[in-house]
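Structural overview
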Amino acid sequence: KRAVNLRTLTMPRHDAWKDCEEVTPAISSLSKLQDLRLLAEDARIFRPILVGLQAPLVRLRLEMVDGNIQPMPLLSNFCNTLEDVRLDNLELSMDPPTFSCPKVTRLFLWHCFEPVLPVLMPIFPNVEVISINSGCDGISDRGESHEKLRKKNIAYQRKAQWRSLISLTRDDVGVYTLGLQ
């Protein structure tokens, strides 16, 4: 009961808490939480926590070793309040989004699979600062999949653009693949 006013929570990377039945309801009860950082070995831990949480999250960081979930649908509960999102080691969906997070101005994607603008732009239409590190070793790693993704990203920009983007940090392969016009 003392934590009902908690605004910031960091759950460290520790497999012990994934088996604790009290963790999900305890975090879900934090109705004033604004800043949440979850670190885990297995991304499946995040799903029940984020589905159950009804809080006005402004900042969210999800980091894991095994990114075996699609994180984007898990953001929908917070689409009207999120401003700062960081996803580490997660697989980004290729499916068209069904929601938007219009207040997100800062987006950080680290060691996520290559970004696809037809997914990222509709979810985060007003991003101002984006930092993406694909984890690729260099420009020589560019292969057919990078070429296809680049063409898809360039084609998508004929109908949508990040007009508010003021800062982009990217690795070499990522800058090429992103294909920003």
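Before reading further, recall that the structure is shown in the block above.
Residues numbered from 1 in each chain as written. Predicted model: local features only at pLDDT ≥ 70, side-chain atom pairs only at ≥ 80, totals over all residues. Heavy atoms only, no water.

Right, let's talk about the overall build of the protein chain for a bit. Scanning the protein chain from N- to C-terminus turns up five helices and seven strands. Sequence-ordered secondary structure for the protein chain, helices as α and strands as β, is β-α-β-α-β-β-β-α-β-α-β-α. Looking at the 181 residues of the protein chain, the share that counts as buried comes to 45%. Counted over contacts in the protein chain with a minimum sequence separation of 6, partners at least 24 positions apart contribute 58%. Carbon and sulfur atoms provide 49% of the accessible area of the protein chain, an area that totals close to 9,400 Å². (Helix = DSSP H or I, 4+ residues; strand = E, 2+ residues; numbered from the N terminus. Buried < 20%, exposed > 50% of the residue type's maximum accessible area, 1.4 Å probe, protein only. Contact = heavy atoms within 4.5 Å. Areas by Shrake-Rupley, 256 points an atom, 1.4 Å probe, with all protein chains shown as cover.)

Moving on, we come to the pattern of salt bridges. Throughout the structure, instances matching the rule amount to five salt bridges. Salt-bridge contacts for Glu 63 lead to Arg 61; the nearest nitrogen and oxygen are separated by 2.5 Å. For Glu 63, a relative accessible area of 12% translates into the label buried. The shortest N-O distance in the salt bridge between Arg 61 and Asp 88 comes to 3.1 Å. Here Arg 61 is found in strand E3 (residues 59–66), whereas its partner Asp 88 is found in strand E4 (residues 84–88), with 27 residues between them in sequence. (Salt bridge = Lys/Arg side-chain N within 4 Å of Asp/Glu carboxyl O.)

Time to look at the side chain of Glu 63. Mapped onto the elements of the fold, Glu 63 is located in strand E3. Of note is the side chain of Glu 63, whose polar atom sits 2.5 Å from the side chain of Arg 61. (Polar contact = N/O pair within 3.5 Å; in protein donor to acceptor, adjacent residues only side chain to side chain.)

This paragraph deals with the environment of Thr 81. Among the structural elements, Thr 81 can be located in the loop between E3 and E4. Residues Thr 81 and Val 58 lie 23 residues apart in sequence; the distance between their C-alpha atoms is 5.4 Å. Apart from the residues lying within four places of it in its own chain, the contact partners of Thr 81 are Ala 55, Pro 56, Leu 57, Val 58 and Lys 103. Of the polar contacts made by the side chain of Thr 81, one reaches the backbone oxygen of Leu 57; its length is 2.7 Å.

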